[in-house]
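Next come the chains, spelled out residue by residue.
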Amino acid sequence: MIRLFLLLAALLLSVIAALWFHHQGGYVMVNVGQTTLETSLFLAVAVAVILVLLGYALLRALIRLVRTPGSFRRWMQRRRLGGARDRLVRGLLRIMEGRYAEAERSLARSAPKADVPLLHYLCAALAAHGLGATARRDDYLAQADRSDSQARLAVGLVQARFSLEDKQWETAFASLTYLNEKWPRQARVRELLARVCEPLGEWDRLLSLLPGLRREGRMDEATLARLERTAAIGSLRNAARLDESALTRAWNGLPRSANDDREVALCYVDCRMQFSTADAEAERILRQRLHREWRSEWVDRYGRLELADSSAPLRQVESWLKQRPEDAALLLAAGRLAICNGLWGRARSYLEAAVSREPSGEACYLLGSMQERLGEIDKALASYRRASELGAAFHPPAGLRQLRKPLPNMAES
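These figures come from a predicted structure and were not determined experimentally.

Here is what the cut-offs are and how they apply
Residues numbered from 1 in each chain as written. Predicted model: local features only at pLDDT ≥ 70, side-chain atom pairs only at ≥ 80, totals over all residues. Heavy atoms only, no water. Helix = DSSP H or I, 4+ residues; strand = E, 2+ residues; numbered from the N terminus. Buried < 20%, exposed > 50% of the residue type's maximum accessible area, 1.4 Å probe, protein only. Contact = heavy atoms within 4.5 Å. Salt bridge = Lys/Arg side-chain N within 4 Å of Asp/Glu carboxyl O. pLDDT = per-residue confidence, 0-100. Axes fitted to C-alpha atoms, helices over the stretch in contact; angles between N-to-C directions. Left-handed = near helix turned anticlockwise from the far one by under 90°. Nonpolar A, V, L, I, M, F, W, Y, C, P; charged D, E, K, R; others polar. Core = buried A, V, L, I, M, F, W, Y, C linked by side-chain atoms within 4.5 Å. Phe/Tyr/Trp six-rings, centres within 6.5 Å; stacked < 30°, edge-to-face > 60°. Lys NZ or Arg CZ within 6 Å of the ring centre and 35° of its normal. Expected span 1.5 Å × (residues − 1). Bend = angle between axes of the 7 residues up to and from the residue.

Whenever I open this one, the overall build of the protein confuses me. Can you help?
The helix and strand tally for the protein stands at 20 helices and two strands. Residue burial in the protein is summarised as follows: out of 413 residues, 37% are buried. Of the contacts made within the protein by residues no fewer than 6 positions apart, 53% connect residues no fewer than 24 positions apart.

I tried to follow the pattern of salt bridges on my own but got confused; where do I start?
Opposite charge on two side chains allows them to pair when their charged atoms are near. Tallying each qualifying case throughout the model produces 31 salt bridges. Put simply, E283 and R287 hold a salt bridge, and the shortest N to O gap is 2.9 Å. Separated by four residues within a single helix, E283 and R287 lie in helix α14 (residues 279–292), roughly one turn from each other. On the accessibility criterion, E283 (12% relative accessible area) is buried.

Would you mind showing me how to read unusual backbone geometry here?
In terms of backbone geometry, most residues other than glycine have negative phi values and most peptide bonds are trans. One non-glycine residue, K167, adopts positive backbone phi at about 60 degrees. On the secondary structure map, K167 appears in the loop between α6 (152–165) and α7 (169–182). K167 gets classed as exposed once you look at its relative accessible area, which sits at 60%.

I tried to follow the confidence of the model for the protein on my own but got confused; where do I start?
When pLDDT drops low, the exact placement of atoms in the prediction is not to be read closely. For the protein, the mean per-residue pLDDT works out to 82, and 85% of the residues sit at or above 70. Mean pLDDT in the protein bottoms out at strand β1 (residues 27–32), which sits at 70, and peaks at helix α10 (residues 221–240), which reaches 92.

Help me out: how do you make sense of the packing of helix α18 (residues 344–357) against helix α19 (residues 361–373) in this one?
Each pair of packed helices can be described by the angle between their axes along with the distance between the axes. Remark: α18 packs on α19, axes separated minimally by 9 Å, with the N-to-C direction vectors making an angle of 145 degrees. The element α18 and its partner α19 pack so that their crossing is left-handed. For the pair α18 and α19, contact is made by W344, A347, R348, L351, E352 and V355 and by A363, C364, L366, L367, M370, Q371 and R373, respectively. Among the residues forming the contact of α18 with α19, the class breakdown is nine nonpolar, one polar and three charged.

Teacher, can you tell me more about the nonpolar core here?
Ranked by internal contacts, the top residues of the largest apolar core, which has 78 residues, are L176, L206, L236, L254 and Y302. Setting aside residues no more than four positions away along its own chain, L206 makes contact with A194, C197, L227 and A231. Listed in part, the 20 residues of the second largest apolar core include A111, L118, Y121 and L141.

Whenever I open this one, the environment of A338 confuses me. Can you help?
Its place among the elements puts A338 in helix α17 (residues 328–340). Apart from the residues lying within four places of it in its own chain, the contact partners of A338 are L314, L343, R346, A347 and Y350.

Even after reading the chapter, I still don't get the packing of aromatic side chains, so can you show me in this structure?
Here the distance between the centres and the angle between the planes together describe a pair of aromatic rings. Going through the model one piece at a time under the given rule, you end up with four aromatic pairs. Aromatic pair Y302 and W320: ring centres 5.1 Å apart, planes at 65 degrees, arrangement edge-to-face. In this pair, Y302 sits in helix α15 (residues 296–302) while W320 sits in helix α16 (residues 311–323), placing the two residues 18 residues apart along the sequence. The exposure class of Y302 is buried, given its relative accessible area of 1%. Judged by relative accessible area, which is 6%, W320 ranks as buried. Where Y365 meets Y384, the ring centres are 5.5 Å apart and the plane angle is 50 degrees; that geometry is what we call tilted. On the criterion of sequence distance, the pair formed by Y365 in helix α19 and Y384 in helix α20 (residues 377–390) is long-range, its members being 19 residues apart. On the accessibility criterion, Y365 (11% relative accessible area) is buried. Here the aromatic cluster, defined as three or more aromatic residues joined through ring pairs, consists of W294, Y302 and W320. Above the plane of the ring of W294 lies R324, whose end atom (NZ or CZ) is 4.2 Å from the centre. Cation over ring: R373 sits above W344, and NZ or CZ is 4.4 Å from the ring centre.

Is there a simple way to think about helix α9 (residues 203–216) in this case?
Residue pairs three or four apart in sequence face the same way in an α-helix, which turns once every 3.6 residues. Helix length check: α9, at 14 residues, gives a terminal C-alpha distance of 20 Å against a target of 20 Å (1.5 Å per residue), a fit within 8%. Taken as a whole, α9 carries its principal kink of about 30 degrees at L210; the proline P211 stands between one and four residues after it. When α9 is considered as a whole, its buried residues turn out to be W203, L206, L207, L209, L210, G212 and L213. Looking at the buried side of α9, the elements it contacts are α8 (187–200) and α10. Once α9 finishes, G217 follows within two positions and takes phi at roughly 70 degrees, a positive value.

The structure is reproduced here in structure tokens:
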């Protein structure tokens, strides 16, 4: 519409100019050497306008002719880039469809011609990973890294994810450790590093990563709690393999939330009870935990303490029995501690009460041992038979260590 209005305006001006020149007098005369040209003013102006338009058209044609090679190159480049983008889209669609071989071929061919080869190489690496072609996948990743140095973090994260999916834990750990050193503020790197620390047993490294991950909200609280519990237990067990002081340092180095965790504290107690001089500390922790939260696993560990003063834990358990006389776990603990103190009759009474309330293989076996010591052979055989039926496999208390014999053969009996 704009062009139509301009054309109409030009025609109107031409008519007005023609009418004006028609009513004007005068002429134009051009004298060149011996040649003289004479014409009307209107015709002279018309010729001049035509000459100007022809000159402009000729100039435009020359400019376009000069620019033709560059325009052709740009057209070819646009066509090439458009084709590369089309192949990138088709390659992604084929990856989504699971046609990895076709996707890899298409993306690998189009990458050198693309304006952003990084994307093509990364997608080709994804297709090769789907095919299980590890060597080609790593080669594509290397080419992606060379194509754009600013994408080194992204390429490294992709490579680490591939290693994680292939369960190449050592490779993933090395890559993520390097990335964490280069980009210490990248939360995604720390998240993946935390995930790979678990299968490798890098418990201390995992514990150092968890506070930052909790602040950043990269993982849900349930996952963080599970990782912290697993790392704390693993760290305590590793320290217990060294010596008692290493175990103490590991416990003191745990975060407060890990110290308060029931399973972690139970693991610490179990580790401390491996050392002959550590049961006093284990007794203090167990007593504090039982005052705070009464649980059968705490009671069970308390009944397995072997202190220099073996009567102290027995007195403590008997004081608890005044408040919880029906607690089977507490009665079994009292029976074990009575055995450690050589109080056979009292041990039998506690064990009989424990078996009557909640029979277990251990309680039945210990009761049979007491009955055998007291000469009650028939009752002992019945208790051993019941223990065999319930399944008795445990660490005997100090007072029974000298026996060290298997359950009697019920068939022979």
